Amino acid sequence: MQEVNQNLAEEAGLNITHVCLPPDSGEDEIIDEILKMNEDTRVHGLALQISEALFSNKVLNALNPEKDVDGVTDVNLGKLVRGDAHECFVSPVARAVIELLEKSGISLDGKKILVVGAHGSLEAALQCLFQRKGSMTMSSQWKTPQLQSKLHEADVVILGSPKPEEIPLTWIQPGTTVLNCFHDFLSGQLGCGSPSVHVNGIIAEDDVRLLAAALRIQNMVSSGRRWLREQQHRRWRLHCLKLQPLSPVPSDIEISRAQTPKAVDILAKEIGLLTDEIEIYGKSKAKVHLSLLERLKDQTDGKYVLVAGITPTPLGEGKSTVTIGLVQALTAHLNVNSFACLRQPSQGPTFGVKGGAAGGGYAQVIPMEEFNLHLTGDIHAITAANNLLAAAIDTRILHENTQTDKALYNRLVPLVNGVREFSEIQLARLKKLGINKTDPSTLTEEEMSKFARLNIDPTTITWQRVLDTNDRFLRKITIGQASTEKGHSRQAQFDIAVASEIMAVLALTESLEDMKERLGRMVVASDKDGQPVTAEDLGVTGALTVLMKDAIKPNLMQTLEGTPVFVHAGPFANIAHGNSSVLADKIALKLVGEEGFVVTEAGFGADIGMEKFFNIKCRASGLVPNVVVLVATVRALKMHGGGPSVTAGVPLKKEYTEENIQLVADGCCNLQKQIQIAQLFGVPVVVALNVFKTDTRAEIDLVCELAKRAGAFDAVPCYHWSVGGKGSVDLARAVREAASKRSRFRFLYDVQLPIVEKIRTIAQSVYGAKDIELSPEAQSKIDRYTQQGFGNLPICMAKTHLSLSHQPERKGVPRDFILPISDVRASIGAGFIYPLVGTMSTMPGLPTRPCFYDIDLDTETEQVKGLF
């Protein structure tokens, strides 16, 4: 039987694997093996050849119905009985019986069929198929008292098990057709017919055996084809969650808690993820494996949409909320595959003043408390990796300052069990130094010194320790004050964890291998000769990669309406590029398919986040955006039109809560400028006016009209905050129409230009500056980075987000200003140079009344209270 299967499979182009279990294997061992096969995506069909005694319901129903090519599971049998044979696998043996009878010229309509000695799935399948053919079907076991009379009545007898010797052949009437279909699974042989029987005909056992084997292979081919179809683009069969919006709109956490999320494994299956491509964290979060990119490498990408904003007030204008509202509208209301890709928020602001970043109102990621707190621990992994590298820097300086060349070399390459060997990363360092030796005992004294000493200049160290908490008292510290550090103290600082270059690396990496290379390239200081010192030089690259191996996998969550969201990476939007990860975008673009949409968000206003998205992220990923959604609010436009200052935690002045057409009209200059910035990159712009309850119809209509006059493809008021995706359907339609136009995307500058020219291009073309002014320190850094070979990297401007200029109080569209560049730094691993425009804090502080006053835990229900 195995040989027959093998030959047929080769003809069909299939691979067959025989899994042979020990003869004494019990039910549990068989089920364990079946479950492994169920999870193996390389297996598309599974047939059991085990003794009859082991064919229990528990064993049979352990089979995945989609791989049950023998049609023995309750699911497949149920579909057959219900009349849905086209949706299930039907027993190959039962099908072979029907086909052979029909090919023998026997009309089954009206015939009396007796199935003898069959049981379980075979008996059920035979009865069902014969009834479909119009036959009157009887079933009997060999020991049934009325067997003789039933045999006399039958036109066709199907033998489902060996005939006992005590049953005489004479019970079968002349002219009866007999077919033998039982199978001895241990021997691999079908039961024997009786060649001397005096009936109309016995269909040869080989005919049944071969045809059943062929039909089983046919089922396997069907299963494989179905799997292939599922890998290709299709519209998701997504079960969207219904919203019941309330008025007035409750708090974000109340809305989030009122909606029960789908189990994340169900969501994953709905969007085409395989079981072995996700790692589940609790009930509502999962990490997605990067292997999916290889599986879907031939899949056409969907449309790529960026959500940016005008220059915001300190309160923010709702880019995350618009992002969520847009995908809820696309998928839950227009039945279009769509994915939101968001940054993971830092816990610092969550307990400080800003609150969370899960969206708001009826356009949120849920559960919002899990989104805003630890999620799956990615930021903690970054913190651990960052601080390991920081510890390695100071420890290396200490040991080099307190040991001779020989002692240092002997400790770096110790004798273990009488053998001294270089590690892989040490061999890489030798190669970098031009020392082509692999035996530690063969290095000269000069080579040993060159290998062992990094000669880090402590005054050039740029790598800081990090913490995911707002703590202003860590902005400047002294380390190394304990006596054990032998007087090797220096001034240092802590940054917030998301300001770590490792976060930027995570956001821009394309694979595990790429991440490892980027981590190794990170420059942490210069040596005393002015040459860069990297993480690779310190020997810590492999360890950093180990700490980050899970963080590289995007996190799957869902919106309030049950549509998918990737939450992955959260780099600062000033000293870094402020976008979620390239990997999340790439995976999402494959999953949505050619007609789908991936909507991602850029931090701060379009002049900062969007410019960096295009010039840094798109340059790194090779992805081409189709549409920019530019978020505006009447509130922010009034501020740009000359309205009073807006301060977080302070009630808005009446100018913002009452109609004021003139302020809105004057403030639209900022909206017009941001539209022009997007047009520099050749991407169509759709303006999303995030409507607040105090906005009037006249104000809304004015903004939309002026946006279209300024060159926006369309301008649409949005109401997702109060009603969910339904309130952004018009925006979704506008985005679909804009995405159907051909993108003429282009970069703003050539990376081969000198660093100064790239900075000047951004300052003049994007911000509207007259020119730039470099401090002596900035010029010195530019000269050093150029000399070190980093001059061809893109630019990541670190500038205030509250104005197009460097002065936060200058609203609207400032003109004729000189942009001062106080310093220039480099994130070589991430792959960009970041000039500082004025001073830039990388460790936020807590306000007088932080958010933590309102955050609490109900110790009975374990529910979090007070997040927003």
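Residues numbered from 1 in each chain as written. Predicted model: local features only at pLDDT ≥ 70, side-chain atom pairs only at ≥ 80, totals over all residues. Heavy atoms only, no water.

S.K.: Provide a residue-level description of the overall build of the protein chain, including the pertinent values.
M.R.: Within the protein chain, the secondary structure is distributed over 31 helices and 33 strands. Once the C-alpha set of the protein chain is aligned to its principal axes, its extents read approximately 110 × 85 × 55 Å. When burial is assessed residue by residue, the protein chain has 55% of its 868 residues classed as buried. Looking at the protein chain alone, contacts between residues at least 24 apart form 72% of all its contacts between residues at least 6 apart. Only carbon and sulfur atoms are counted for the fraction: they give 50% of the accessible area of the protein chain, which is about 37500 Å². (Helix = DSSP H or I, 4+ residues; strand = E, 2+ residues; numbered from the N terminus. Buried < 20%, exposed > 50% of the residue type's maximum accessible area, 1.4 Å probe, protein only. Contact = heavy atoms within 4.5 Å. Areas by Shrake-Rupley, 256 points an atom, 1.4 Å probe, with all protein chains shown as cover.)

S.K.: Can you explain helix H26 (residues 661-680)? Please cite residues and give values.
M.R.: The terminal C-alpha atoms of H26, which comprises 20 residues, lie 29 Å apart, in line with the 28 Å expected from a rise of 1.5 Å per residue. At glycine 667, H26 shows its maximal kink, close to 30°. Turning to H26, its buried residues are Leu663, Val664, Gly667, Cys668, Asn670, Leu671, Lys673, Gln674, Ile675, Ile677 and Ala678. (Expected span 1.5 Å × (residues − 1). Bend = angle between axes of the 7 residues up to and from the residue.)

S.K.: Account for the pairing of strand E25 (residues 627-632), with residues named and values stated.
M.R.: Extensive coverage of E25 is indicated by the burial of six of its six residues. Going residue by residue along E25, you find Val627, Val629 and Val631 tucked away on one face and Val628, Leu630 and Ala632 tucked away on the opposite face as well. Relative to E25, strand E10 (residues 303-309) runs parallel, the two sharing five bridges. For valine 305, the partnering residue across the bridge sits in E25 and is valine 627. (Pairing = 2+ DSSP bridges.)

S.K.: Tell me about the confidence of the model for the protein chain, residues and numbers included.
M.R.: Counting all residues, the mean pLDDT for the protein chain is 92, and 96% of those residues have values of 70 or more. Across residues 184-199, where pLDDT falls below 50, the model places 36 contacts with residues more than four positions away in sequence or in other chains. (pLDDT = per-residue confidence, 0-100.)

S.K.: Which residues make up helix H30 (residues 755-767), and what are the values?
M.R.: For H30, built from 13 residues, the straight-helix expectation of 18 Å at 1.5 Å per residue is met to within 8% by its first-to-last C-alpha distance of 17 Å. Turning to H30, the residues buried within the fold contact helix H23 (606-621), H26, strand E28 (771-774), helix H31 (776-787), strand E29 (818-821) and strand E31 (832-836). Phi for glycine 768, located one or two positions after H30, is positive at around 85°.

S.K.: Which residues make up the state of the cysteines, and what values go with them?
M.R.: As enumerated under the stated definition, the model contains zero disulfides in all. Cysteine 128 supplies the cysteine sulfur nearest to cysteine 88, a cysteine that is in no disulfide, at a spacing of 8.8 Å. Overall, the relative accessible area of 12% leaves cysteine 88 in the buried class. Distance from the sulfur of cysteine 718, which forms no disulfide, to the nearest cysteine sulfur (cysteine 704) is 8.6 Å. (Disulfide = S-S within 2.5 Å.)

S.K.: Quick rundown of the packing of aromatic side chains? Include the residues and the values.
M.R.: Applying the stated criterion across every chain, the model contains eleven aromatic pairs. With a centroid separation of 5.6 Å and 50° between ring planes, the pair formed by tyrosine 304 and phenylalanine 613 is classed as tilted. With a gap of 309 residues between them, tyrosine 304 in strand E10 and phenylalanine 613 in helix H23 connect regions that are remote in the sequence. A relative accessible area of 2% places tyrosine 304 in the buried class. The buried category is assigned to phenylalanine 613, whose relative accessible area is 1%. Residues phenylalanine 832 and tyrosine 834 carry aromatic rings whose centres are separated by 6.5 Å and whose planes lie at 70° to one another, so their mutual orientation is edge-to-face. Residue phenylalanine 832 is classed as buried on the basis of its relative accessible area of 0%. (Phe/Tyr/Trp six-rings, centres within 6.5 Å; stacked < 30°, edge-to-face > 60°.)

S.K.: Now, about the pattern of salt bridges: what can you tell me, with residues and values included?
M.R.: Throughout the structure, instances matching the rule amount to 40 salt bridges. Across the pair glutamate 99 and lysine 103 runs a salt bridge, and its minimum N-O distance is 3.9 Å. In this pair, glutamate 99 and lysine 103 are both assigned in helix H5 (residues 92-103), four residues apart and thus about one turn of the helix distant. When the shortest N-O distance is used, the salt bridge between glutamate 102 and lysine 133 registers 3.1 Å. With glutamate 102 in helix H5 and lysine 133 in the loop between helix H6 (120-132) and strand E2 (136-140), this pair connects stretches of sequence that are 31 residues apart. Under the relative-accessibility criterion, lysine 133 is labelled partly exposed at 36%. One continuous salt-bridge network, built from bridges that share partners, spans Glu279, Lys549, Asp550 and Lys553. (Salt bridge = Lys/Arg side-chain N within 4 Å of Asp/Glu carboxyl O.)

S.K.: Give me the lowdown on the packing of H23 against H26, citing residues and values where you can.
M.R.: Running from amino to carboxyl end, H23 crosses H26 at an angle of 10°, the nearest separation of the two axes being 10 Å. Comparing their axes, H26 and H23 come out roughly parallel. In contact with Ala606, Asp607 and Met610 of H23, H26 contributes Gln674, Ile677 and Ala678. Of the residues that constitute the contact of H23 with H26, the class distribution is four nonpolar, one polar and one charged. (Axes fitted to C-alpha atoms, helices over the stretch in contact; angles between N-to-C directions. Parallel < 35°, antiparallel > 145°, perpendicular 65-115°, else oblique. Nonpolar A, V, L, I, M, F, W, Y, C, P; charged D, E, K, R; others polar.)

S.K.: Give me the lowdown on unusual backbone geometry, citing residues and values where you can.
M.R.: Trans is the common state for peptide bonds, and a negative phi is the common state for residues other than glycine. That bond from serine 247 to proline 248 is cis: its omega, 0°, falls within 30 degrees of zero. Note that proline 248 resides in the loop between helix H8 (205-231) and helix H9 (252-258). Backbone torsion omega between isoleucine 366 and proline 367 reads -10°, so that peptide bond is classified as cis. Residue placement: proline 367 occurs in the loop between strand E13 (363-366) and helix H14 (368-372). Residues other than glycine seldom take positive phi values, yet alanine 569 does so here, at roughly 70°. Position of alanine 569 relative to the elements: it lies in the loop between strand E23 (564-567) and helix H22 (582-592).

S.K.: If you had to explain a nonpolar patch on the surface to someone new, which residues and values would you point to?
M.R.: Taken together, the side chains of Leu846, Phe852 and Tyr853 make up a nonpolar region of the molecular surface, amounting to roughly 290 Å² of accessible area. Tracing the backbone through its elements, the reader meets phenylalanine 852 in the loop between E31 and strand E32 (856-857). With relative accessibility at 39%, the residue phenylalanine 852 sits in the partly exposed group. (Patch = residues over 30% accessible without salt bridge, like charges linked within 9 Å, V, L, I, M, F, W, Y side chains within 5 Å.)

S.K.: Explain the nonpolar core to me, using residue names and the numbers behind them.
M.R.: Of all hydrophobic cores here, the largest spans 143 residues; its most connected members are Phe339, Leu556, Phe566, Leu591, Phe614, Leu671 and Leu819. With near-sequence residues (within four places) excluded, phenylalanine 614 lies in contact with Leu306, Arg619, Pro625, Val628, Phe681, Val683, Phe745 and Phe747. Counting residues in each nonpolar core, the second largest holds 42 residues, with Leu330, Ala340, Val729 and Ala732 among its members. (Core = buried A, V, L, I, M, F, W, Y, C linked by side-chain atoms within 4.5 Å.)

S.K.: Which residues make up the side chain of serine 25, and what values do they have?
M.R.: Within the secondary structure, serine 25 is located in the loop between helix H1 (2-12) and helix H2 (27-39). According to the relative accessible area criterion, serine 25 is buried, its value standing at 12%. Within the structure, serine 25 has its side chain in polar contact with the backbone oxygen of proline 22 (distance 2.7 Å). Residue contacts for serine 25: discarding those within four places in its chain leaves Ile30 and Leu54. (Polar contact = N/O pair within 3.5 Å; in protein donor to acceptor, adjacent residues only side chain to side chain.)

S.K.: Go over the environment of alanine 620, please, and point to the residues and values.
M.R.: Along the chain, alanine 620 falls in helix H23. Taking the C-alpha atoms as reference points, alanine 620 and phenylalanine 473, separated by 147 residues in sequence, lie 36 Å from one another.

S.K.: So what's going on with the pairing of strand E3 (residues 156-159)? Residues and values would help.
M.R.: On E3, burial covers both faces: Val156 and Ile158 on one face and Val157 and Leu159 on the other are all buried. Two strands pair when backbone bridges link them, and strand E1 (residues 112-116) and E3 are joined in this way by four bridges, in the parallel orientation. From the neighbouring strand, leucine 114 faces E3, where its bridge partner is valine 157. Note that E3 and strand E4 (residues 177-180) share four bridges and pair parallel. In the strand pairing of E4, isoleucine 158 is matched with leucine 179.

S.K.: So what's going on with the environment of threonine 484? Which residues, and what values?
M.R.: Mapped onto the elements, threonine 484 comes out in the loop between strand E17 (477-479) and strand E18 (490-492). Taking the C-alpha atoms as reference points, threonine 484 and arginine 760, separated by 276 residues in sequence, lie 48 Å from one another.

S.K.: If you had to explain the packing of helix H4 (residues 74-82) against H6 to someone new, which residues and values would you point to?
M.R.: It is at 10 Å that the axes of H4 and H6 come closest, and there the two elements cross at 20°. One way to sum up the angle between H4 and H6 is to call them roughly parallel. H6 is crossed by H4, and the crossing has left-handed handedness. Together, Leu77, Leu80, Val81 and Arg82 of H4 and Ser121, Ala124, Ala125, Cys128, Leu129 and Arg132 of H6 make up the contact between the two elements. The residue makeup of the contact of H4 with H6, split by class, is seven nonpolar, one polar and two charged. (Left-handed = near helix turned anticlockwise from the far one by under 90°.)

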